[in-house]
Amino acid sequence: MAQGKRIPAKGEIWHVNGDPVEGHEFKGAHYYLVLSEKKLVAALGTAVCLPITSGGGLARSKAVTVWLDGDSTDNGKITGVVLCYQLRALDLLERKARYAATVSPWVMDEILGMVVDLIDPQ
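Analysis parameters
- Residues numbered from 1 in each chain as written.
- Predicted model: local features only at pLDDT ≥ 70, side-chain atom pairs only at ≥ 80, totals over all residues.
- Heavy atoms only, no water.
- Helix = DSSP H or I, 4+ residues; strand = E, 2+ residues; numbered from the N terminus.
- Buried < 20%, exposed > 50% of the residue type's maximum accessible area, 1.4 Å probe, protein only.
- Contact = heavy atoms within 4.5 Å.
- Polar contact = N/O pair within 3.5 Å; in protein donor to acceptor, adjacent residues only side chain to side chain.
- Salt bridge = Lys/Arg side-chain N within 4 Å of Asp/Glu carboxyl O.
- Phe/Tyr/Trp six-rings, centres within 6.5 Å; stacked < 30°, edge-to-face > 60°.
- Lys NZ or Arg CZ within 6 Å of the ring centre and 35° of its normal.
- Expected span 1.5 Å × (residues − 1).
- Arc of directions from axis to C-beta.

J.: Help me out: how do you make sense of the environment of K10 in this one?
T.: Tracing the backbone through its elements, the reader meets K10 in the segment before β1 (12-17). Residue classification places K10 among the partly exposed positions, given a relative accessible area of 35%. Separated by 110 residues in sequence, K10 and D120 have C-alpha atoms that sit 21 Å apart. Not counting residues up to four positions away in its chain, the partners in contact with K10 are V34, L35, S36, E37, K38, M108 and L112. A polar side-chain atom of K10 sits 3.4 Å from a polar atom in the side chain of E37.

J.: Which parts of the structure should I look at to understand the pattern of salt bridges?
T.: If charged atoms from side chains of opposite charge come close, those side chains can pair. In total, this model carries two salt bridges according to the counting rule given. Linking E37 and K10 is a salt bridge whose minimum nitrogen-to-oxygen distance equals 3.4 Å. One end of the pair, E37, is in the loop between β2 (29-34) and α1 (38-44); the other, K10, is in the segment before β1, and 27 residues separate them in sequence.

J.: Mind showing me how you'd approach the packing of aromatic side chains here?
T.: Enumeration according to the criterion identifies one aromatic pair in this entry. When the centroid spacing of 6.0 Å and the interplanar angle of 80° are considered together, the rings of W14 and Y99 count as edge-to-face. Here the residue W14 occupies a position in strand β1, and Y99 occupies one in strand β7 (residues 98-102), the gap between them amounting to 85 residues. The exposure class of Y99 is partly exposed, given its relative accessible area of 29%. Over the aromatic face of Y99 sits the side chain of R6, whose NZ or CZ is 3.7 Å from the ring centroid.

J.: Please clarify how unusual backbone geometry should be interpreted in this entry.
T.: What is expected of a backbone is that most residues other than glycine have negative phi and most peptide bonds are trans. Put simply, D19 and P20 share a cis peptide bond, and its omega is 10°. Here P20 is to be found in the loop between β1 and β2. Even without glycine at this site, K96 takes up a positive phi of about 60°. Along the chain, the position of K96 falls in the loop between β6 (88-90) and β7.

J.: Would you mind going over helix α3 (residues 105-119) with me for this structure?
T.: Each full turn of the α-helix corresponds to 3.6 residues, which orients residues three or four apart in the same direction. Over its 15 residues, α3 extends 21 Å from the first C-alpha to the last, a length consistent with the 21 Å expected when each residue adds 1.5 Å. Within α3 the residues assigned to the buried category are V107, M108, I111, M114 and V115. Along α3, the residues classed as buried sweep out an arc of 125° about the axis, all on the same side. Those residues of α3 that are exposed and angled more than 90 degrees off the buried face are P105, W106 and D109. Packed against the buried residues of α3 are β2, β3 (47-53), β4 (65-68) and β5 (80-83).

Right under this line is the structure:
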């Protein structure tokens, strides 16, 4: 990664175009929440991310989302639902992503809990 650029970190929200994609994958420019630790992103160049949308009706009905409201981030500007089943590895810097906000720790805990439950249901 180039020096001087902000390295994406766990809990940060970045705006990026995730295309190209295929089939039922999430399309277009959206906000993405970073799940990866900053050191890992710096070492590997990619971040594991989840998309955020204002839609997601089907996903909401299947209980695989976490709601973001005005109190969920440090600046209160990002709202919608995090699609916890749509994990993606993205090179945010190469895709020219822009930092937008950071989620509250309690929101990050809820999202990580949902992702773990989806991967390894108990």
